[in-house]
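Breakdown of the fold
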Amino acid sequence: MHTKYIFVTGGVTSSLGKGIISASTAKLLQARGLRVTIQKFDPYINVDPGTLNPYEHGECYVTEDGAETDLDLGHYERFLNVYTSRANNVTTGKIYESVIKKEREGVYLGKTVQVIPHITDEIKRRMMLLGKTGHYDVVITEIGGTVGDIESLPFVEAVRQMQWELPDEDCAVIHLTLIPFLSAAKELKTKPTQHSVRMLQQNGLQPDVIVCRTEHHLSLEIRRKVALFCNIKPNEVIESIDAKSIYQVPLAMVEEKLDEIIIQKLQLKAAAEPDLREWTQFLDKLFNPKHEVHIALVGKYVELQDAYKSILESLIHGGAANECKVNVHCVHSEHITPENVTEKLGGMNGILVAPGFGERGIEGKITAVQYAREQAIPFFGICLGMQMAVVEFARHVLGHPEAMTTEINRNTPCPVIDLMEDQKRLTIKGGTMRLGAYKCMLDKHSLAHKIYARTEISERHRHRYEMNSDYLPALQQHGMVATGRNPETGLVEIVEIPAHPFFIGVQFHPELKSTVENPHPLFVSFVKAAMEQWLTVKK
Ligand code: GLN
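Quick caveat, the model's predicted, so the values are computed rather than measured. (Residues numbered from 1 in each chain as written. Predicted model: local features only at pLDDT ≥ 70, side-chain atom pairs only at ≥ 80, totals over all residues. Heavy atoms only, no water.)

Here the focus is the sheet that holds strand β2 (residues 36–42). Strands sit in the order β5-β2-β6-β1-β7-β10-β11 across an open sheet of seven strands; the sheet is parallel. Strands with a single pairing partner mark the edges of an open sheet, and in this sheet they are β5 (89–91) and β11 (237–241). With direction set aside, neighbouring strand axes in the sheet form an average angle of 20°. As defined by bridge partners, strand β1 (residues 4–10) adjoins strand β7 (residues 171–178) across six bridges and the pair is classed as parallel. Bridged to V8 within β7 is I174. The strands touched by helix α3 (residues 72–80) within the sheet are β2, β5 and β6 (138–143), with β2 carrying the most contacts at an inclination of about 170°. (Pairing = 2+ DSSP bridges. Helix = DSSP H or I, 4+ residues; strand = E, 2+ residues; numbered from the N terminus. Axes fitted to C-alpha atoms, helices over the stretch in contact; angles between N-to-C directions. Contact = heavy atoms within 4.5 Å.)

Written out as structure tokens, the structure is:
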């Protein structure tokens with residue numbers, strides 16, 4: 001079977017959950033035995049989101065091959081349980097970068113280089129790149145932004161051309177919109193949807209399915225109205241009602257027969273029913289927990305949930321695996337001081353110190369680590385969180401009050417965390433961190449080894465600084481040990497305090513590899529340790 005294409009566009013407002021609808025569609029096709037991948041095309045001009053502040057578009061997700069990408073790729077991996085890659089996220093910046101490079105190379109043979117056809121051709125080429133590998137029956141392309149934005153026009157035009165070029169049964173367009181409920185009128189309103197579809201049609205694109213985000217069920221009458229004015233059949237108007245969890249959306253889409261409509265339109269040879277046994281088992285555990293814990297997520301971007309998306313999702317996976325409800329308390333690291341730390345973190349069964357960059361909130365993170373260490377509360381430090389665990393230990397156990405990472409204080413007399421050798425010469429910021437998957441060897445008798453139940457692991461990275469191994473002997477002597485190392489470079493990737501009930505810091509990002517069907521062992525064990533802490537406190 002050759003590759004078929006599904007495009008997902010969005011109208012009315014942003015944040016409707018295009019990523020979740022794309023991932024759910026993909027999940028249902030995968031559950032019917034098809035090979036599916038999803039890619040995201042973002043209309044912004046940054047070459048990738050690596051240089052973006054998390055306040056802009058949330059966390060930056062890193063793929064196995066070291067690409068810094070949009071956080072929706074995280075949803076794709078968590079839903080599908082398969083890796084994405086550099087090719088799965090394309091931005092306007094990337095498109096222009098390659099067109100301009102070709103122009104300089106003289107590839108266009110004296111032609112005037114224009115948005116149409118050169119930019120749109122490059123977009124189409126990228127849209128079909130994964131399809132051409134022969135690895136997929138279906139490639140789903142999510143178009144970022146909202147229809148009508150000036151910057152998404154070339155993408156919509158490229159989809160229009162694809163819809164025109166491909167046979168009918170090889171291309172489907174799903175448009176996601178909002179049906180708002182006006183409480184004063186007690187009515188659902190279809191006009192914004194009609195307008196956004198009309199905008200799409202003005203651009204020459206006809207949706208095959210319209211998915212309507214709504215807070216209330218859509219009556220047949222509403223569906224008919226949307227269908228009539230948007231030129232599709234009533235059964236192709238799909239309701240996507242607010243769900244308790246994003247992981248319910250695939251099941252809601254089965255109810256609405258989204259998978260059947262797509263299979264019919266694309267004439268796909270698929271199993272008669274989706275096999276969602278594992279998925280529903282996960283949901284059963286998620287919604288019927290037998291235990292409950294409170295975990296503090298200490299970070300500086302806590303106002304914005306999307307900034308720690310993968311960590312929050314991994315805690316959900318880790319909780320479900322333990323049949324445990326995880327109440328996450330986001331604690332702003334800037335607001336933690338030695339005076340108020342007991343009040344802020346006192347009732348917690350686990351403390352997770354988040355990744356990050358820069359000085360803001362750093363002392364609060366160090367105080368949080370100290371509290372977890374001294375109060376024997378399960379501690380999990382990720383990337384900057386691990387680095388601060390080393391700083392804290394050096395300050396309060398080794399007795400170096402000036403210990404710091406050189407990221408914050410270049411001239412510290414005690415640089416326990418320092419810039420990696422190959423980072424020292426770099427001047428360009430974009431795409432130059434230590435990125436992507438690296439191997440790590442675990443010590444036989446460590447907590448990490450017990451958690452992973454193996455000696456060799458591979459995890460994804462995104463950092464410039466590392467633990468300074470000059471301090472390792474002193475740290476080890478006083479009870480902080482390095483239990484995971486990169487086999488080629490010897491870089492320390494994991495630290496632990498064996499005398500503590502559960503204290504682990506990792507230089508990599510385990511949250512990037514946790515999926516519904518494969519919850520990450522570190523998160524599963526951390527939640528378990530929090531459950532044990534809860535029991536001891538209760539006694
Ligand atoms: N800022 C730190 C570094 O670059 C940690 C990065 C992170 O937490 N992702 O090493």
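From this point, things continue past the structure.
As a further point, take unusual backbone geometry. Omega for the bond connecting I116 with P117 falls within 30 degrees of zero, at 10°, which places this linkage in the cis form. Turning to its location among the elements, P117 is positioned in helix α5 (residues 115–129). Located in the positive-phi region is K257, a residue other than glycine, with phi close to 65°. Inspection of the secondary structure assignment puts K257 in the loop between α9 (249–255) and α10 (258–265). Residue classification places K257 among the partly exposed residues on the basis of a relative accessible area of 43%. (Buried < 20%, exposed > 50% of the residue type's maximum accessible area, 1.4 Å probe, protein only.)

Next up on the list: the pairing of strand β13 (residues 324–332). Across nine bridges, the pairing between strand β12 (residues 291–299) and β13 is parallel. Opposite V293, over in β13, you have V326 as the bridge partner. A crossover links β12 with its parallel partner β13, the connecting element being helix α12 (residues 309–321), and its sense is right-handed. (Right-handed = clockwise from strand over helix to strand, strands pointing away.)

The next subject is the nonpolar core. Nonpolar side chains in soluble globular proteins tend to end up buried together. I6, L29, I140, I174, V209 and I262 are the most contacted members of the largest nonpolar core, which has 43 residues in total. In terms of residue count, helix α1 (residues 18–30) provides more of this core than any other element does, six residues in total. Dropping the residues within four chain positions of it, V209 is found in contact with V173, I174, H175, E236, I238, L258, I261 and I262. If you look at the next biggest cluster of nonpolar residues, it comprises 42 residues, including I336, I366, Y371 and A372. (Core = buried A, V, L, I, M, F, W, Y, C linked by side-chain atoms within 4.5 Å.)

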